[in-house]
Amino acid sequence: METMKSPAGLITVALLLIVCAALSAHGQQCPKENPNGPSQPSEARTLEGKLIYHDGIRKWFELKLDRPECGQESIELVQGDGAFAPGSPVILEILRGCRIRTKGVLDIPSTGYYSLGLFQALDEIEPIGECKKQPPFPDYSKAKPDKSIRSYRVEMMVDYEPGDHPIQFRVTRSGKELHPWQAYASYSLTGGFVLWGECAEGFAVDKAFGTPEANPQVIDNALFDPESAAVAGKKKLHLGYTCIRVP
(Lines give C-alpha, C1' and ligand atoms only; values in the text may rest on other atoms or scores of the structure.)
Protein backbone atom coordinates (compact mmCIF):
# COMPACT_ATOMS: atom_id res chain seq x y z
CA MET A 1 0.00 0.00 0.00
CA GLU A 2 1.42 3.39 -1.11
CA THR A 3 2.05 6.03 1.46
CA MET A 4 0.38 9.30 0.49
CA LYS A 5 2.61 12.33 0.49
CA SER A 6 1.33 15.41 2.25
CA PRO A 7 0.73 18.63 0.26
CA ALA A 8 3.34 20.36 2.43
CA GLY A 9 5.92 17.74 1.51
CA LEU A 10 5.17 18.10 -2.20
CA ILE A 11 5.51 21.88 -1.96
CA THR A 12 8.85 21.50 -0.16
CA VAL A 13 10.18 19.18 -2.89
CA ALA A 14 8.98 21.56 -5.61
CA LEU A 15 10.69 24.52 -3.94
CA LEU A 16 13.93 22.58 -3.61
CA LEU A 17 13.84 21.73 -7.32
CA ILE A 18 13.26 25.37 -8.21
CA VAL A 19 16.15 26.53 -6.00
CA CYS A 20 18.50 23.90 -7.44
CA ALA A 21 17.55 24.88 -10.97
CA ALA A 22 18.12 28.55 -10.18
CA LEU A 23 21.53 27.84 -8.65
CA SER A 24 22.49 25.72 -11.64
CA ALA A 25 21.43 28.45 -14.08
CA HIS A 26 23.29 31.08 -12.06
CA GLY A 27 26.44 28.96 -12.16
CA GLN A 28 26.30 28.84 -15.96
CA GLN A 29 26.16 32.62 -16.29
CA CYS A 30 29.83 33.23 -15.47
CA PRO A 31 32.76 31.56 -17.22
CA LYS A 32 34.72 28.96 -15.29
CA GLU A 33 38.42 28.20 -15.10
CA ASN A 34 39.49 24.79 -16.38
CA PRO A 35 42.92 23.61 -15.15
CA ASN A 36 42.96 20.87 -17.78
CA GLY A 37 42.14 22.94 -20.86
CA PRO A 38 40.21 25.94 -22.21
CA SER A 39 37.89 27.76 -19.85
CA GLN A 40 34.14 27.18 -19.97
CA PRO A 41 32.44 30.33 -21.36
CA SER A 42 29.10 31.62 -20.17
CA GLU A 43 25.96 31.48 -22.23
CA ALA A 44 25.28 34.56 -24.38
CA ARG A 45 24.15 37.46 -22.25
CA THR A 46 23.16 41.09 -22.73
CA LEU A 47 25.20 43.83 -21.05
CA GLU A 48 24.99 47.61 -20.90
CA GLY A 49 27.59 50.28 -20.21
CA LYS A 50 29.90 52.90 -21.68
CA LEU A 51 32.24 52.02 -24.54
CA ILE A 52 35.80 53.23 -23.97
CA TYR A 53 38.62 53.01 -26.52
CA HIS A 54 42.14 52.58 -25.15
CA ASP A 55 44.70 54.07 -27.52
CA GLY A 56 47.84 52.61 -25.99
CA ILE A 57 50.67 50.34 -27.08
CA ARG A 58 48.00 47.65 -27.27
CA LYS A 59 44.75 49.10 -28.57
CA TRP A 60 41.52 47.68 -27.17
CA PHE A 61 37.90 48.41 -26.29
CA GLU A 62 36.49 48.42 -22.75
CA LEU A 63 32.85 48.19 -21.70
CA LYS A 64 32.51 50.10 -18.42
CA LEU A 65 29.52 48.23 -17.02
CA ASP A 66 26.45 49.85 -15.51
CA ARG A 67 26.36 46.94 -13.05
CA PRO A 68 29.18 44.52 -12.16
CA GLU A 69 29.17 41.18 -13.94
CA CYS A 70 30.93 38.10 -12.58
CA GLY A 71 32.72 40.31 -10.06
CA GLN A 72 34.04 42.69 -12.73
CA GLU A 73 33.18 46.36 -13.24
CA SER A 74 34.66 46.39 -16.77
CA ILE A 75 35.15 43.79 -19.49
CA GLU A 76 37.09 43.78 -22.74
CA LEU A 77 35.12 43.61 -26.00
CA VAL A 78 36.34 41.50 -28.91
CA GLN A 79 34.85 40.57 -32.24
CA GLY A 80 32.65 37.48 -32.10
CA ASP A 81 31.14 35.25 -34.77
CA GLY A 82 27.69 36.82 -34.93
CA ALA A 83 25.94 38.36 -37.91
CA PHE A 84 27.32 41.80 -37.19
CA ALA A 85 30.93 40.58 -36.88
CA PRO A 86 32.30 41.58 -40.34
CA GLY A 87 31.73 45.28 -39.60
CA SER A 88 32.30 45.13 -35.87
CA PRO A 89 35.65 46.94 -35.67
CA VAL A 90 34.15 49.92 -37.48
CA ILE A 91 31.00 49.79 -35.36
CA LEU A 92 33.09 49.85 -32.19
CA GLU A 93 35.13 52.73 -33.56
CA ILE A 94 32.16 54.95 -34.33
CA LEU A 95 30.37 54.18 -31.05
CA ARG A 96 33.34 54.89 -28.77
CA GLY A 97 32.31 57.15 -25.92
CA CYS A 98 28.64 56.12 -26.16
CA ARG A 99 26.48 54.01 -23.90
CA ILE A 100 25.86 50.72 -25.65
CA ARG A 101 24.06 47.39 -25.29
CA THR A 102 25.98 44.25 -26.25
CA LYS A 103 25.23 40.55 -26.54
CA GLY A 104 27.66 37.65 -26.56
CA VAL A 105 29.32 35.03 -24.39
CA LEU A 106 31.72 35.93 -21.59
CA ASP A 107 35.02 34.14 -21.28
CA ILE A 108 38.35 34.19 -19.44
CA PRO A 109 41.48 35.12 -21.45
CA SER A 110 43.87 32.25 -22.06
CA THR A 111 46.75 34.43 -23.30
CA GLY A 112 48.45 37.70 -22.40
CA TYR A 113 47.02 39.45 -25.45
CA TYR A 114 44.08 40.68 -23.39
CA SER A 115 44.07 43.68 -21.06
CA LEU A 116 41.34 42.60 -18.61
CA GLY A 117 40.48 39.39 -16.78
CA LEU A 118 37.16 38.92 -18.59
CA PHE A 119 36.07 39.52 -22.19
CA GLN A 120 32.89 39.34 -24.25
CA ALA A 121 32.89 37.89 -27.77
CA LEU A 122 30.41 40.21 -29.46
CA ASP A 123 27.49 38.99 -31.53
CA GLU A 124 25.34 42.12 -31.32
CA ILE A 125 25.88 45.77 -30.43
CA GLU A 126 23.67 48.86 -30.45
CA PRO A 127 23.78 52.38 -28.98
CA ILE A 128 21.56 53.34 -26.03
CA GLY A 129 19.93 56.76 -26.13
CA GLU A 130 21.65 59.70 -27.76
CA CYS A 131 25.06 58.87 -29.22
CA LYS A 132 27.45 61.26 -30.95
CA LYS A 133 29.04 58.91 -33.44
CA GLN A 134 32.77 59.28 -34.02
CA PRO A 135 34.60 59.01 -37.35
CA PRO A 136 36.18 55.59 -37.98
CA PHE A 137 39.94 55.31 -37.64
CA PRO A 138 42.04 56.14 -40.73
CA ASP A 139 42.62 53.15 -43.01
CA TYR A 140 46.26 52.80 -44.10
CA SER A 141 45.92 49.27 -45.44
CA LYS A 142 46.54 50.44 -49.01
CA ALA A 143 49.42 52.82 -48.20
CA LYS A 144 52.66 51.68 -49.86
CA PRO A 145 56.28 52.92 -49.70
CA ASP A 146 57.63 55.13 -52.44
CA LYS A 147 59.04 52.85 -55.14
CA SER A 148 62.26 54.87 -55.25
CA ILE A 149 63.02 54.17 -51.57
CA ARG A 150 65.73 51.53 -51.08
CA SER A 151 66.26 51.89 -47.34
CA TYR A 152 64.92 53.88 -44.40
CA ARG A 153 65.12 54.32 -40.64
CA VAL A 154 62.29 53.76 -38.12
CA GLU A 155 62.34 55.40 -34.67
CA MET A 156 59.82 54.59 -31.93
CA MET A 157 59.23 56.58 -28.78
CA VAL A 158 57.68 54.13 -26.30
CA ASP A 159 56.18 55.33 -23.01
CA TYR A 160 55.85 52.18 -20.88
CA GLU A 161 54.26 53.94 -17.91
CA PRO A 162 50.76 52.74 -16.89
CA GLY A 163 47.96 54.24 -18.95
CA ASP A 164 47.25 54.82 -22.62
CA HIS A 165 50.40 55.92 -24.41
CA PRO A 166 50.46 55.18 -28.15
CA ILE A 167 53.86 54.57 -29.69
CA GLN A 168 55.16 57.64 -31.52
CA PHE A 169 56.74 56.74 -34.88
CA ARG A 170 59.18 58.68 -37.03
CA VAL A 171 60.34 57.24 -40.35
CA THR A 172 63.15 58.94 -42.27
CA ARG A 173 65.44 58.51 -45.25
CA SER A 174 68.64 60.58 -45.26
CA GLY A 175 67.09 62.77 -42.55
CA LYS A 176 63.92 63.46 -44.55
CA GLU A 177 60.71 62.32 -42.92
CA LEU A 178 58.51 59.88 -44.83
CA HIS A 179 54.69 59.99 -44.67
CA PRO A 180 52.52 58.30 -43.72
CA TRP A 181 54.68 56.27 -41.39
CA GLN A 182 52.10 53.45 -41.56
CA ALA A 183 53.22 52.79 -45.14
CA TYR A 184 56.71 51.93 -43.89
CA ALA A 185 56.42 50.45 -40.40
CA SER A 186 54.18 48.42 -38.11
CA TYR A 187 54.50 46.62 -34.81
CA SER A 188 52.93 44.01 -32.58
CA LEU A 189 53.02 43.39 -28.83
CA THR A 190 52.97 39.69 -28.00
CA GLY A 191 51.16 38.02 -25.11
CA GLY A 192 54.55 37.87 -23.38
CA PHE A 193 54.96 41.65 -23.83
CA VAL A 194 57.71 41.39 -26.43
CA LEU A 195 57.61 44.27 -28.90
CA TRP A 196 58.22 43.44 -32.57
CA GLY A 197 59.01 46.17 -35.11
CA GLU A 198 58.29 45.35 -38.74
CA CYS A 199 59.19 46.84 -42.12
CA ALA A 200 56.90 47.31 -45.08
CA GLU A 201 56.32 44.44 -47.49
CA GLY A 202 59.33 44.04 -49.72
CA PHE A 203 61.74 45.25 -47.02
CA ALA A 204 63.67 43.45 -44.29
CA VAL A 205 65.02 44.61 -40.93
CA ASP A 206 68.76 45.30 -41.14
CA LYS A 207 69.65 46.56 -37.66
CA ALA A 208 67.89 47.22 -34.34
CA PHE A 209 68.99 49.85 -31.84
CA GLY A 210 67.83 51.90 -28.87
CA THR A 211 67.62 51.86 -25.08
CA PRO A 212 70.07 49.09 -24.08
CA GLU A 213 67.88 47.83 -21.24
CA ALA A 214 65.24 46.85 -23.84
CA ASN A 215 67.72 44.41 -25.45
CA PRO A 216 67.34 45.48 -29.11
CA GLN A 217 68.04 42.63 -31.53
CA VAL A 218 67.06 41.25 -34.92
CA ILE A 219 65.23 37.93 -35.20
CA ASP A 220 63.52 38.17 -38.60
CA ASN A 221 62.06 41.48 -37.37
CA ALA A 222 63.28 43.96 -34.77
CA LEU A 223 62.74 42.65 -31.27
CA PHE A 224 62.61 44.63 -28.01
CA ASP A 225 61.92 43.74 -24.36
CA PRO A 226 60.15 46.67 -22.69
CA GLU A 227 59.32 44.58 -19.60
CA SER A 228 63.00 44.07 -18.76
CA ALA A 229 63.64 47.76 -19.38
CA ALA A 230 60.85 48.70 -16.97
CA VAL A 231 62.26 46.39 -14.29
CA ALA A 232 65.57 48.20 -14.74
CA GLY A 233 63.80 51.54 -14.20
CA LYS A 234 63.67 52.54 -17.87
CA LYS A 235 60.11 53.30 -19.00
CA LYS A 236 60.72 56.05 -21.56
CA LEU A 237 62.25 54.08 -24.40
CA HIS A 238 63.81 55.28 -27.63
CA LEU A 239 63.87 52.27 -29.93
CA GLY A 240 64.41 51.82 -33.62
CA TYR A 241 65.49 49.77 -36.59
CA THR A 242 66.54 50.14 -40.19
CA CYS A 243 64.88 48.56 -43.22
CA ILE A 244 66.40 47.66 -46.58
CA ARG A 245 64.63 46.58 -49.74
CA VAL A 246 65.03 42.89 -50.50
CA PRO A 247 65.70 41.65 -54.08
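**What about the state of the cysteines?**
- One pass over the structure, following the stated rule, counts 3 disulfides.
- Each sulfur in the disulfide pair Cys 199 and Cys 243 lies 2.0 Å from the other. The S-S bond linking Cys 199 to Cys 243 shows a torsion near -90°; that makes this disulfide left-handed. Here Cys 199 is found in strand S10 (residues 195-199), whereas its partner Cys 243 is found in strand S14 (residues 236-245), with 44 residues between them in sequence. Each member of the pair, Cys 199 together with Cys 243, is buried.
- When the bonded cysteines of the protein are counted from the start of the sequence, the pairing works out to 1-2, 3-4, 5-6.

**A short note on the environment of Cys 243**
- For Cys 243, a relative accessible area of 1% corresponds to the buried category.
- A C-alpha to C-alpha distance of 5.5 Å links Cys 243 and Tyr 152, two positions 91 residues apart in sequence.
- With residues up to four places along the chain from it excluded, the contact list for Cys 243 reads Arg 150, Ser 151, Tyr 152, Val 154, Cys 199, Phe 203 and Ala 204.

**Things to note about the packing of aromatic side chains**
- Summed over all chains, the structure comprises 7 aromatic pairs.
- Their ring planes at 40° and their centres at 4.7 Å tell us that Tyr 53 and Phe 137 sit as a pair that is tilted. Of this pair, Tyr 53 sits in strand S1 (residues 45-55) while Phe 137 sits in the loop between strand S5 (119-127) and strand S6 (151-159); the two residues are 84 residues apart in sequence, bridging distant segments of the chain.
- Assessed through its relative accessible area of 21%, Tyr 53 is described here as partly exposed.

**Digging into the sheet that holds S6**
- Spatial strand order, S8-S7-S6-S14-S11: 5 strands in an open sheet with antiparallel pairing. Of all strands in the sheet, those bounded by a partner on one side alone are strand S8 (176-177) and strand S11 (203-210).
- Of the strand pairs in this sheet, strand S7 (residues 168-173) and S8 are connected by 2 bridges, and their pairing is antiparallel. Residue pairing for S8: Arg 173 is matched across the bridge by Lys 176.

**With respect to the sheet that holds strand S12 (residues 217-219)**
- The 4 strands lie next to each other as S9-S10-S13-S12, forming an open sheet whose pairing is antiparallel. At either margin of the open sheet sits one strand with a lone partner, and together these are strand S9 (185-189) and S12. Pairwise comparison of adjacent strand axes, ignoring direction, gives a mean angle of 30° for this sheet.
- With 5 bridges connecting them, S9 and S10 associate as antiparallel partners. Each bridged residue has a counterpart across the sheet, and for Leu 189 the counterpart in S10 is Leu 195.

**Describing the confidence of the model for the protein**
- Residues at a pLDDT of 70 or more form 85% of the protein, whose mean pLDDT is 87.
- In this model residues 9-27 is a low-confidence stretch, pLDDT under 50, and it forms 2 contacts with partners more than four residues away in sequence or in other chains.

**What about the pairing of S14?**
- Pairing of S6 with S14 involves 9 bridges; the strand directions are antiparallel. Opposite Ser 151, over in S14, you have Ile 244 as the bridge partner.
- Here S11 runs beside S14; their pairing, made up of 7 bridges, is antiparallel. Counted as the bridge partner of Phe 203 is Arg 245 from S14.

Procedures and definitions
Residues numbered from 1 in each chain as written. Predicted model: local features only at pLDDT ≥ 70, side-chain atom pairs only at ≥ 80, totals over all residues. Heavy atoms only, no water. Disulfide = S-S within 2.5 Å. Helix = DSSP H or I, 4+ residues; strand = E, 2+ residues; numbered from the N terminus. Buried < 20%, exposed > 50% of the residue type's maximum accessible area, 1.4 Å probe, protein only. Contact = heavy atoms within 4.5 Å. Phe/Tyr/Trp six-rings, centres within 6.5 Å; stacked < 30°, edge-to-face > 60°. Pairing = 2+ DSSP bridges. Axes fitted to C-alpha atoms, helices over the stretch in contact; angles between N-to-C directions. pLDDT = per-residue confidence, 0-100.

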